[in-house]
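Geometric and topological summary
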Amino acid sequence: MPNRALNIMRDRISQSIKRDGWMALSIFGTAEHPSPTFTYTTGLTEKGWPELIVFGVPGPVAHDMISKIIARSQKP
């Protein structure tokens, strides 16, 4: 990936973390390089929390699961 594209991705991730406090990224295998689908967070360590990773479910489902965990953890 060219440097410009990497910089754009870094900026988007940084903006998302500043706005929401965290971001979830999903990784998918390809036909050439099959791998398990997984989704992981970034930005939670800035809150003093561990980063999370979810395997075996589609990205939107994993993101929903992570969102609910974070929302419940923020309740008093």
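Scroll up to find the structure.
Our subject in this report is the structure included herewith. (Residues numbered from 1 in each chain as written. Predicted model: local features only at pLDDT ≥ 70, side-chain atom pairs only at ≥ 80, totals over all residues. Heavy atoms only, no water.)

**Details of the sheet that holds strand β3 (residues 53-55)**
Sheets are built from strands that pair by backbone hydrogen bonding, the pairs being arranged parallel or antiparallel. As a reminder of what qualifies: Think of it this way: DSSP has to see at least two bridges between two strands before they count as a pair. By definition, any uninterrupted DSSP run of H or I lasting at least four residues is a helix, any uninterrupted run of E lasting at least two residues is a strand, and each is numbered from the N terminus. Lines are fitted to the C-alpha atoms to define the axes, a helix being fitted only along its stretch in contact, and any angle between axes, read from their N-to-C directions, falls within 0 to 180 degrees. By definition, residues are in contact when any of their heavy atoms lie within 4.5 Å.
Spatially, β1-β2-β3 is the arrangement adopted by the 3 strands of the open sheet, whose pairing is antiparallel. Each edge of the open sheet is held by one strand with a lone partner, namely β1 (23-27) and β3. In this sheet, adjacent strand axes meet at a mean angle of 15 degrees when their direction is disregarded. Judged from the 3 bridges that link them, strand β2 (residues 38-42) and β3 form a sheet pairing that is antiparallel. Bridge pairing in β3 links T39 to V54. Strands in contact with helix α1 (residues 3-20) are β1 and β2; relative to β1, the strand with the most contacts, it is inclined by about 135 degrees. Packing against the sheet, helix α2 (residues 59-74) makes contact with β1, β2 and β3, and its axis sits at approximately 40 degrees to β2.

**Some points on α2**
To be explicit about the condition: Multiply 1.5 Å by the residue count of a helix minus one, and that product is the helix's expected span. Only protein chains enter the calculation, and the probe is 1.4 Å; a residue is then buried if its accessible area is under 20% of its type maximum, exposed if over 50%, and partly exposed in between. Picture the helix axis, draw a direction to every C-beta atom, and the arc is the one those directions span.
Its 16 residues place the ends of α2 23 Å apart at the C-alpha level, agreeing with the 22 Å of an ideal helix rising 1.5 Å per residue. Among the residues making up α2, those that are buried are G59, A62, I66 and I70. Around the axis of α2, the buried residues are gathered within 70 degrees of arc, so they sit on the same side. For α2, the exposed residues lying more than 90 degrees away from the buried face are P60 and R72. Of the surrounding elements, those touching the buried residues of α2 are β1, β2 and β3.

**As for the pairing of β2**
A one-sided burial pattern is seen for β2, the buried positions being T39 and T41 and the unburied ones F38, Y40 and T42. Both β1 and β2 contribute to a ladder of 5 bridges, which runs antiparallel. Of the residues in β2, the one forming a bridge with S26 is T39.

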